[in-house]
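Secondary and tertiary structure notes
For reference, the chains in residue letters:
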Amino acid sequence: MNVELIYISPDAEGSCEIGARVCYDSNDKTTDTSRERMLPSLLRSGHLSIFEHSSASFKIDGISRTASHQIVRHRMSSFSQRSQRYVNEGDFTFVTPPSIEQNPEANASYQEIMKTLNEQYLALIKLGIKKEDARFILPNAASTTLVMTTNFREWLHVIDMRVSKPAQWEIRELLILIWKELYKQAPNIFSMHYFNAWSKDAEYKQNIFDERIK
Ligand SMILES: Cc1cc2nc3c(=O)[nH]c(=O)nc-3n(C[C@H](O)[C@H](O)[C@H](O)COP(=O)(O)OP(=O)(O)OC[C@H]3O[C@@H](n4cnc5c(N)ncnc54)[C@H](O)[C@@H]3O)c2cc1C
């Protein structure tokens, strides 16, 4: 799995602060450091619309179609995904869940099935079947690439839902990588303030924040 930040709003924290200062007619109180107090306080109070003024786009590569099906459910985001209708998926790469990888018998069977599916996909293409129809035999494990653009308010929500215990391991890992990058870019927004105020499992996130994010 690879995650690459391809765009972020210039002065991403500053844009959110400007939005908030307009609300309170307090632009004269902006200083080099004023966002350090203002942004966390807005996150805690629930004045969240101001975090829609900045956004970030990531190129996400090497996740399974299982995980991509989960991430595209977030309707506030914009997506572009590698097409299995138009791209030849011969010799497709795929994700192996750790639970299968660690079980030699299960892993051998899994790798064999992937090999067979690839052979049969190529055989269908050779028989003149269009890629858009041959793809019906491709597995949920097949890797995909997508670009996801999301405003900061929605990134906080997606992290909240997907860096949680009930989320599946693959999408959780994806959102941990994205959270880490967003924290690097906008630490006054993507530290624990929002999650401490609004998450059902802030303690779980705090551990991940301490070990993987900061
Ligand atoms: C652990 C887990 C298990 C899941 N299991 C399943 C499952 O079994 N089956 C399944 O189908 N899905 C499942 N989902 C997906 C889940 O139901 C949501 O579709 C997905 O997480 C997107 O989140 P969201 O609804 O908050 O949408 P987002 O697009 O991220 O929207 C953000 C917020 O905007 C608001 N919003 C967006 N659209 C509307 C709207 N039309 N009306 C009102 N408010 C809106 C809501 O407040 C929403 O929370 C699961 C998700 C998780 C995290």
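Rules used in this analysis
- Residues numbered from 1 in each chain as written.
- Predicted model: local features only at pLDDT ≥ 70, side-chain atom pairs only at ≥ 80, totals over all residues.
- Helix = DSSP H or I, 4+ residues; strand = E, 2+ residues; numbered from the N terminus.
- Buried ≥ 20, exposed ≤ 12 C-beta atoms within 10 Å, placed from the backbone.
- Contact = placed C-beta atoms within 7 Å.
- Core = buried A, V, L, I, M, F, W, Y, C linked by C-beta atoms within 7 Å.
- Domains from an automatic or database assignment.
- Pairing = 2+ DSSP bridges.
- Axes fitted to C-alpha atoms, helices over the stretch in contact; angles between N-to-C directions.
- Parallel < 35°, antiparallel > 145°, perpendicular 65-115°, else oblique.
- Nonpolar A, V, L, I, M, F, W, Y, C, P; charged D, E, K, R; others polar.
- Expected span 1.5 Å × (residues − 1).

**Considering the overall build of the chain**
Helix and strand counts for the chain come out as 10 helices and four strands. In the chain, the order of α-helices and β-strands from amino to carboxyl end is β-α-α-β-α-β-α-α-α-β-α-α-α-α. Burial statistics for the chain: of 214 residues in total, 26% are counted as buried. Long-range contacts, defined as pairs at least 24 residues apart, comprise 77% of the intrachain contacts of the chain with a sequence gap of at least 6.

**Observations concerning the nonpolar core**
Nonpolar side chains in soluble globular proteins generally cluster together in the buried interior. Ranked by size, the top nonpolar core spans 35 residues in total, and within it L175, W179 and I189 carry the most contacts. Where this core is concerned, the elements lending two or more residues are helix 1 (12-24), helix 2 (35-45), strand 2 (55-64), helix 3 (65-71), helix 7 (152-162), helix 8 (169-185), helix 9 (193-198) and helix 10 (202-213). It is helix 8 that provides the largest number of residues to this core, a total of six residues. With near-sequence residues (within four places) excluded, I189 lies in contact with E13, C16, L39, L43, F51 and F152.

**Here's the deal with the domain arrangement of the chain**
Entries for the chain in the domain assignment read domain 1 (2-80 + 143-213) and domain 2 (85-137). A C-alpha centroid distance of 34 Å is found between domain 1 and domain 2.

**Brief notes about the sheet that holds strand 1 (residues 2-8)**
Overall, antiparallel pairing links the four strands, which are arranged 1-2-4-3 in an open sheet. At either end of the open sheet lies a strand with only one pairing partner, and these are strand 1 and strand 3 (78-81). Strand-to-strand twist in this sheet, taken as the mean axis angle between neighbours without regard to direction, amounts to 20°. Bridge count for strand 2 against strand 4 (residues 143-151) is nine bridges, and the pairing is antiparallel.

**Considering the packing of helix 8 against helix 10**
Here helix 8 crosses helix 10 at 70°, and the two axes come no closer than 11 Å. Relative to helix 10, the element helix 8 lies roughly perpendicular. Facing helix 8, whose interface residues are I176, W179, K180 and Y183, helix 10 presents I208, R212 and I213. Grouping the amino acids of the contact of helix 8 with helix 10 by side-chain chemistry returns five nonpolar, no polar and two charged.

**Looking at helix 5 (residues 104-126)**
Here helix 5 is 23 residues long and its end C-alpha atoms lie 33 Å apart, about the 33 Å a rise of 1.5 Å per residue gives. Just past helix 5, the residue G128 takes up positive phi, approximately 90°.

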